[in-house]
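Residues per chain are reported as follows:
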Amino acid sequence: MPSLHHNHPEPEERSDVLTWTPKHEEKFHAMPAAWKPLIARAKEIQQALGVPDGQFTGPLLAGSAFNQLVNGAYRVPTTPRGVEQIEETLIALVERGRELLVKKAEGRKTAQTLAERFVMRPEYDEVVDCLEDAEANAEDALEERVVILVGGTRCGKSAILAKLISANKINWRLRATPIMKRSYKKFLIGVGSALKLRDLKDSTLAALHDSILSKLEKVRGVLAIEELQSFSPSALEFLKTLLNDTQVSLVISMLPGQFERMTRSTGEDMQQFLGRSVGVVKLKVTTELVADFAPRLWKKCPHAAELQELLAAEATKGGGMSLLRDVCRDA
């Protein structure tokens, strides 16, 4: 979209003036010279839009990564190509920001992220409490740093993870694919990709294993693994290695049936893994959650309590939060 700033009232483009104060100013100014004006422009556009990091960056970049870039906390890649890739991403981000400004000027609504559509629920606080326990255990070099999130299809596991990511309580997220159950290498590539490691496909199993451990040995954070419906023995052993050799915490989301199979398993490896859990959080669609989902709708409804109970029961049978959302939207 060429020359948007000439036909749309957006902020002045200033590469030498920051509209905010980075938390780590010295580190920010030590970043690659090509990055800084792009970060400044992107941040200026974000401020004009008045949207949170995740909504501004969209699919181009994690909101937490943009926050680190803005504040000088981002770890600069060690290779020239890595530096170039971030520059390319920032160029695309500035262009996305300009397009969002045009949409705003034309009165079009920007799509809300999953985290922004999130309806606060008690299970979110339970997960946060468990993560705080895991963090305390990490400080004491204890292995109990696994949080298990259990919920049926469409019950809100992804929404809770998205909200945790937007709140910077989860640092990396792996959305598992079916092939990861059968291929240990694909599983490791998925973990490496979530960590933003490079040259993964051509690496050997040993190299993948070592590069992931090398990355995580130097940092403390939370890795979420979503939709991995079963663990291969090798994947399970690798996760145990993470808990043994790093200070990383894990959030594992799974379906109720998978959790039941895990707890019934008599395998020593599985029992050792479950023994490293600091908490199991089970998602439920309750009448209270139904009431919180559409409060303005229920104020107008003479039979609110009865219908809320019915909706909660039907959502529990199947459909989960999707059923709740569709019914409330149609109403």
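Here the structure is shown first, and the text comes after it.
None of these values were measured; they are calculated from a predicted model.

1. Here's the deal with the state of the cysteines
All told, the structure shown has zero disulfides when counted by the stated rule. Distance from the sulfur of C130, which forms no disulfide, to the nearest cysteine sulfur (C155) is 18 Å. For C130, a relative accessible area of 10% corresponds to the buried category.

2. Details of the pattern of salt bridges
Taken as a whole and assessed by the stated rule, the structure comprises 12 salt bridges. The partner of E123 in a salt bridge is R121, and the shortest N-O contact between them spans 3.1 Å. Each member of the pair E123 and R121 is classed as buried. Ionic pairing is found between E139 and R220, a salt bridge with its closest N-O pair at 3.9 Å. You can see E139 sitting in helix α7 (residues 122–139) and its partner R220 sitting in the loop between α11 (205–217) and β3 (222–226), a full 81 residues away along the chain.

3. Side note on the packing of α11 against helix α12 (residues 233–245)
Relative to each other, α11 and α12 sit at 30 degrees, their axes nearing to 11 Å. Here the hand of the crossing between α11 and α12 comes out right-handed. For the pair formed by α11 and α12, the contact residues are H209, I212, L213, L216 and E217 on the first element and F238, T241, L242 and D245 on the second. The residue makeup of the contact of α11 with α12, split by class, is five nonpolar, two polar and two charged.

4. Considering the environment of F259
Looking at the secondary structure, you find F259 in helix α13 (residues 256–264). In this structure, the C-alpha to C-alpha distance between F259 and V150, residues 109 residues apart in sequence, is 7.1 Å. What F259 contacts, discounting residues up to four positions off in sequence, is I148, V150, M254, V280 and K282.

5. Quick notes on the side chain of R121
Relative to the helices and strands, R121 resides in the loop between α6 (80–105) and α7. Look at R121 and you get buried, because its relative accessible area is 4%. In this structure the side chain of R121 is engaged in a polar contact, spanning 3.0 Å, whose partner is the backbone oxygen of C155. Among the polar contacts listed, one links the side chain of R121 to the backbone oxygen of K284, at a separation of 3.2 Å.

Procedures and definitions
- Residues numbered from 1 in each chain as written.
- Predicted model: local features only at pLDDT ≥ 70, side-chain atom pairs only at ≥ 80, totals over all residues.
- Heavy atoms only, no water.
- Disulfide = S-S within 2.5 Å.
- Buried < 20%, exposed > 50% of the residue type's maximum accessible area, 1.4 Å probe, protein only.
- Salt bridge = Lys/Arg side-chain N within 4 Å of Asp/Glu carboxyl O.
- Helix = DSSP H or I, 4+ residues; strand = E, 2+ residues; numbered from the N terminus.
- Axes fitted to C-alpha atoms, helices over the stretch in contact; angles between N-to-C directions.
- Left-handed = near helix turned anticlockwise from the far one by under 90°.
- Contact = heavy atoms within 4.5 Å.
- Nonpolar A, V, L, I, M, F, W, Y, C, P; charged D, E, K, R; others polar.
- Polar contact = N/O pair within 3.5 Å; in protein donor to acceptor, adjacent residues only side chain to side chain.

Everything listed here is a matter of coordinates, which is why it stays silent on function.
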